[in-house]
Amino acid sequence: MANIWNSWGPDHYLGLYPWTWTQLESAELPGPFPFFGGVDPEVIASLQEAHHLMQSAIDTAISDVFAHRGPLDDPERRRRLEDAYAELVQSRPHLRAHIRCGRRPDGTFQWEYPLDPGKSATMTYVGIHGFNAATKQVFPLRFNGATASAIGKFLGLLDGTHTVAELRTAVENAGPGNAGDLTHLLENLKAYDCLGIAQRSSIHSHWLASTQDRDMIHLGHAALLYRQQDQFFLFDPWLLPWFAEVAIPSLWGSLLPRPAALFLTHDHDDHVDPRTLLTMPKDIPVIVPSRKDRRKFYYDYPAVLRELGFTRVIELAHGETFPFEGGCVASVPFFGEDPCDIEMPRNCYLIADRGRNTLVHVDSGPTNAGRSALTEGVIDDLVKRYGPISTIFASQQQLQELRTYAVHACLSPPGQWLEVGEDGFLTNSYLAQLATAAKVRLFVSYATGGADWYPDHLSFMFSRRNPARTALLTANWERPEALKDKLAPVGCGYHYTRALDIFRATPDVGTTVVSAGETLFPLQLYRLDHGDPPFMKKR
């Protein structure tokens with residue numbers, strides 16, 4: 001251990017370069033839906049297999065409609081689909097073991113599978129995969145005695161805010177089963193030039209100097225950073241290491257101030273990103289949707305976060321609050337963005353801070369059945385409890401799709417697979433009604449990219465680099481900016497946000513938008529403690 005620790009001065013600060021990322025490696029291939037709870041993973045595997053085997057026939061049925069060989073509204077299509085599914089299941093004993101389906105004597109279709117609220121598709125990690133995006137070098141590391149959570153905790157310390165002496169103490173206190181693997185990890189990180197050393201750690205103080213109390217900073221896509229007095233709350237961080245996706249510096253965990261709490265809204269990868277979460281300090285509270293709000297299924301946040309090393313996971317049920325001095329963050333029901341109608345527990349969040357209210361609405365919207373924050377009285381209740389909402393952050397996506405292509409399609413009735421369902425269908429009319437009911441002063445459109453460092457191969461990424469692909473995706477949408485005219489009569493402004501826009505409180509409880517400019521640009525943040533990156537110096 002002495003050799004590696006003698007490489008640096010004990011009072012210097014050590015952290016991962018922002019162009020380095022790590023990812024836990026599982027012992028076996030994950031099932032269809034990792035960390036999906038409420039049903040035995042073997043049952044899901046059978047449902048997924050049945051759906052996969054049906055997909056070719058479903059694609060042919062879709063092609064028939066486009067080729068004008070079949071009507072768009074075929075009254076017999078559902079029956080044919082259900083009978084074909086039942087025939088498939090009955091022909092395979094291992095599917096019959098988990099799925100009961102067929103036509104009843106009265107002509108209705110039976111489709112059942114067992115639920116188990118205590119089961120989830122957890123994963124076991126046996127190693128870690130590291131990548132230096134600047135040198136394009138990859139290195140694997142197998143665990144010998146350490147657990148994934150011990151590795152995750154240590155990676156959370158490599159954010160540039162801890163001295164070499166503090167890190168050495170953390171390794172020595174990790175116990176004999178972990179210390180060797182942690183030292184080996186550090187040796188690999190050093191060997192692959194993934195570690196940066198600095199004489200100071202000034203990121204947190206720089207963010208305090210560059211922002212004001214009750215500022216909300218957009219970090220790109222759905223990631224938001226809220227300053228509450230001298231602490232910061234982080235929402236849905238999906239951050240990218242430099243050069244991993246595009247050739248410009250991006251925001252990364254080590255470039256952010258230490259969060260006082262982390263809030264996760266829902267189970268999609270762009271809101272719960274393990275690669276980002278590995279960079280976070282592991283002793284902070286992480287607030288997640290509660291299993292109390294489940295109908296059948298849930299995302300097993302405690303299991304995934306425990307594996308990443310977090311020790312303070314708080315499940316916040318709808319209506320419950322996370323208090324702080326001067327206010328609270330309240331859990332608000334999340335509707336929609338679920339074409340299969342499986343109704344996973346998800347949260348929006350209201351920040352109520354000394355008379356000012358901000359709603360993190362994310363991708364929530366009307367369900368296929370018409371349920372929403374409006375129809376269920378959620379917004380009326382929030383206004384009654386906390387007062388008018390100053391600013392709302394909401395997506396403007398208008399996605400609809402055939403349910404067979406939805407992520408969890410195998411969990412929805414097979415007769416619905418050729419029906420259209422919403423996948424976050426947020427029309428301008430609905431959003432205008434939402435803002436009116438909430439008495440909002442500023443509507444902020446976000447969670448569709450908003451930063452040039454995001455990859456452009458994802459269908460929901462709107463980037464200035466790919467205007468033609470964005471136009472293809474949105475050709476049949478209402479123009480997002482047309483919402484501005486619908487909001488004006490009720491005194492609500494509209495802003496389509498870019499990364500590092502700051503939303504600042506005004507004395508009249510309104511909101512003004514300030515650009516952080518060079519102050520919080522990723523390269524500038526890195527230079528605070530490190531100067532120019534090594535590869536820039538070489539040039």
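Definitions and cut-offs
Residues numbered from 1 in each chain as written. Predicted model: local features only at pLDDT ≥ 70, side-chain atom pairs only at ≥ 80, totals over all residues. Heavy atoms only, no water. 1 Å grid on protein atoms, 1.4 Å probe; cavity = no way out; pocket = protein on both sides within 12 Å on 5 of 7 lines; lining within 4 Å. Points joined across faces, edges and corners; volume = space filled by probe spheres on them. Helix = DSSP H or I, 4+ residues; strand = E, 2+ residues; numbered from the N terminus. Phe/Tyr/Trp six-rings, centres within 6.5 Å; stacked < 30°, edge-to-face > 60°. Buried < 20%, exposed > 50% of the residue type's maximum accessible area, 1.4 Å probe, protein only. Expected span 1.5 Å × (residues − 1). Core = buried A, V, L, I, M, F, W, Y, C linked by side-chain atoms within 4.5 Å. Contact = heavy atoms within 4.5 Å. Pairing = 2+ DSSP bridges. Axes fitted to C-alpha atoms, helices over the stretch in contact; angles between N-to-C directions. Polar contact = N/O pair within 3.5 Å; in protein donor to acceptor, adjacent residues only side chain to side chain. Salt bridge = Lys/Arg side-chain N within 4 Å of Asp/Glu carboxyl O.

Trainee: How would you explain the layout of surface pockets if you had to name every residue and give the values?
Mentor: Quantified by volume, the largest pocket comes out at close to 1400 Å³. Lining the largest pocket we find 49 residues, and of these Asp267, His268, Asp269, Asp270 and Val407 sit closest to its centre. Those elements that provide at least two residues to the lining of the largest pocket are strand 2 (20–26), helix 9 (274–277), helix 10 (301–308) and strand 23 (398–402). Considering each element in turn, the lining of the largest pocket owes the most residues, five residues, to strand 2.

Trainee: Just give me the short version of the packing of aromatic side chains, but keep the residues and values in it.
Mentor: Aromatic ring pairs are defined here through the distance separating the ring centres and the angle between the ring planes. Counting across every chain of the model gives 27 aromatic pairs. When the centroid spacing of 5.4 Å and the interplanar angle of 50° are considered together, the rings of Trp19 and Trp242 count as tilted. Highlighted residues: Trp19 in the loop between strand 1 (13–16) and strand 2 and Trp242 in the loop between strand 13 (231–235) and strand 14 (261–263), separated in sequence by 223 residues. The exposure classification of Trp19 matches that of Trp242, with both residues buried.

Trainee: How would you summarise helix 7 (residues 176–191) if you had to cite specific residues and measurements?
Mentor: Taking 1.5 Å of rise per residue, 16 residues should cover 22 Å, and helix 7 covers 23 Å from first to last C-alpha, within 8% of that figure. Looking at helix 7, one finds that the buried residues are Asn178, Ala179, Asp181, Leu182, Thr183, Leu185, Leu186, Asn188 and Leu189. Just downstream of helix 7 lies Asp193, where phi reads positive at about 55°.

Trainee: An account of the nonpolar core is requested, with residue identities and associated values reported.
Mentor: Within the largest apolar cluster, 112 residues are counted, with the highest numbers of intra-cluster contacts made by Tyr85 and Trp207. Discounting residues that sit within four places of it in the chain, Tyr85 has contacts with Leu47, Ala50, Met54, Ile99, Cys101, Phe109, Trp111, Pro414 and Trp417. In this structure, Val329, Phe334, Ile379 and Leu431 belong to the second largest nonpolar core, which totals 51 residues.

Trainee: Pulling in residues and values, what's your account of unusual backbone geometry?
Mentor: A positive phi angle, near 65°, is found at Phe243, a position not held by glycine. Mapped onto the elements, Phe243 comes out in the loop between strand 13 and strand 14. Even without a glycine there, the phi angle at Val509 is positive, about 70°. Locating Val509 in the fold gives a position in the loop between strand 27 (501–505) and strand 28 (511–515).

Trainee: Got a sec to walk through the sheet that holds strand 9 (residues 159–163)? Specific residues and values, please.
Mentor: If you walk across this open sheet you meet the three strands as 9-1-10, and the pairing is antiparallel. Looking at which strands have only one partner, the edges of the open sheet turn out to be strand 9 and strand 10 (195–198). With strand direction ignored, the average angle separating the axes of adjacent strands in the sheet is 30°. With three bridges connecting them, strand 1 and strand 9 associate as antiparallel partners. Considered in strand 9, the bridge of Gly15 is made with Asp159. Running over the sheet, helix 5 (residues 148–157) touches strand 1 and strand 9 and is turned about 90° from strand 9.

Trainee: How would you explain the environment of Asp452 if you had to name every residue and give the values?
Mentor: In this fold, Asp452 is placed in the loop between strand 25 (442–445) and helix 13 (467–474). With a relative accessible area of 22%, Asp452 lands in the partly exposed category. Linking Asp452 and Arg312, residues 140 residues apart in sequence, is a C-alpha distance of 33 Å. Excluding residues within four positions of it along the chain, Asp452 makes contact with Val246, Ile248, Ser463, Arg464, Arg465 and Arg498. Engagement of the side chain of Asp452 in a polar contact is seen with the side chain of Arg464, the distance being 3.0 Å.

Trainee: Pulling in residues and values, what's your account of the pattern of salt bridges?
Mentor: Evaluation of the coordinates by the stated rule reveals 29 salt bridges. As a salt-bridge pair, Asp83 and Arg103 come within 2.7 Å of each other at their nearest N and O atoms. Of the two residues, Asp83 is situated in helix 3 (residues 77–90) and Arg103 in strand 4 (residues 100–103); the sequence distance between them amounts to 20 residues. Where Asp213 meets Arg354, a salt bridge forms, and the shortest distance between an N and an O atom there is 2.6 Å. Residue Asp213 is located in the loop between helix 8 (203–210) and strand 11 (216–220), and its partner Arg354 is located in the loop between strand 20 (347–353) and strand 21 (356–362); the two are separated by 141 residues in the primary sequence. Judged by its relative accessible area of 35%, Arg354 is partly exposed. The network of salt bridges with common partners includes Arg78, Glu82, Asp83, Arg103 and Glu419.

These figures come from the coordinates and say nothing about function on their own.
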